[in-house]
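# Descriptive analysis of the structure
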Amino acid sequence: MLSGTDGPAATPTVSEQEQLGSRMGIRMTEYAPDRVVGVMPVSGNRQPYGLLHGGANAVLAEQLGSIAAALHAGADRIAVGLELSCTHHRAATEGNVTGVATPLHRGGSTATYEIVITDEQDRRTCSARLTCLIREKPPASE
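Residue indices begin from 1 for each chain and proceed along its sequence in written order. Whole-chain, interface and lining totals are the exception, using all residues; otherwise, since this is a predicted model, local features are given only for residues with pLDDT of at least 70 and side-chain atom pairs are given and counted only at 80 or more. Side-chain metrics rest on all non-hydrogen atoms present in the structure, leaving aside hydrogens and water.

Okay, the overall build of the chain next. Strands are runs of DSSP state E lasting at least two residues, helices are runs of H or I lasting at least four, and both sets are numbered from the N terminus onward. A count of helices and strands for the chain gives 2 helices and 6 strands. Expressed along its principal axes, the backbone C-alpha trace of the chain runs to roughly 45 × 30 × 25 Å. Reported accessibility uses the Shrake-Rupley method at a 1.4 Å probe radius. Residues are deemed covered only where the shown protein chains occlude them. Of the roughly 7900 Å² that the chain leaves accessible, carbon and sulfur atoms contribute 48%. His is not counted, nor are the chain ends, whereas Lys and Arg count as positive and Asp and Glu as negative. A single reference atom marks each charge: NZ on Lys, CZ on Arg, CG on Asp, CD on Glu. Placing the 12 positive and 15 negative side-chain charges of the chain at their respective mean positions leaves the two points 4 Å apart.

Dropping the structure here:
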């Protein structure tokens, strides 16, 4: 079960401390079948010019979209990223950014989400799209 969820989802196989989202300071604030929301600090995730790193936007987008796809997949299947695209519209230089993932397609073998990232003034800083492959959970290793 994903931390903070009420519905079934695949159980992570590594600790939260080992997951990239934790290292980036991402906090999940909302889990629902049609909407997953998370917040990430700009501080600690900047590129050399003091702007939020574009790769940090990609990590936030993939985190949110993957969680949404895992919720869709259910407890007996897993969701893995297949394709991610990000368009960076404006720089974030301080505070937090918020990402909201909403479904564009939820099928039996793939799920696609739009992730909109905004700054604290509710200005869009990034638009992303993530497609995940939905597959059977691999057998537990012994």
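Owing to its 3.6 residues per turn, the α-helix aligns residues three or four sequence positions apart on the same side. Given a helix with a known number of residues, its expected span is that number minus one, times 1.5 Å. Taking 1.5 Å per residue as the helical rise, helix α2 (residues 54-73) with its 20 residues ought to reach 28 Å, and the 28 Å between its terminal C-alpha atoms agrees with that figure. Throughout, exposure labels follow a simple rule: accessible area from a 1.4 Å probe, protein chains only, divided by the maximum for the residue type, with under 20% read as buried, over 50% as exposed, and the rest as partly exposed. Of all 20 residues making up α2, 14 are buried, and the element is well covered by its neighbours. Following α2 by one or two positions, Gly74 adopts a phi angle in the positive range, close to 90 degrees.

The next subject is the pairing of strand β6 (residues 124-136). Note that strand β3 (residues 77-88) and β6 share 11 bridges and pair antiparallel. In the strand pairing of β6, Cys86 is matched with Ala128. Paired strands, as defined in this entry, are two strands with at least two bridges between them according to DSSP. With antiparallel pairing between neighbouring strands as the criterion, strand β5 (residues 110-118) and β6 make up a hairpin whose turn holds 5 residues, including Asp122 at a positive phi of roughly 60 degrees.

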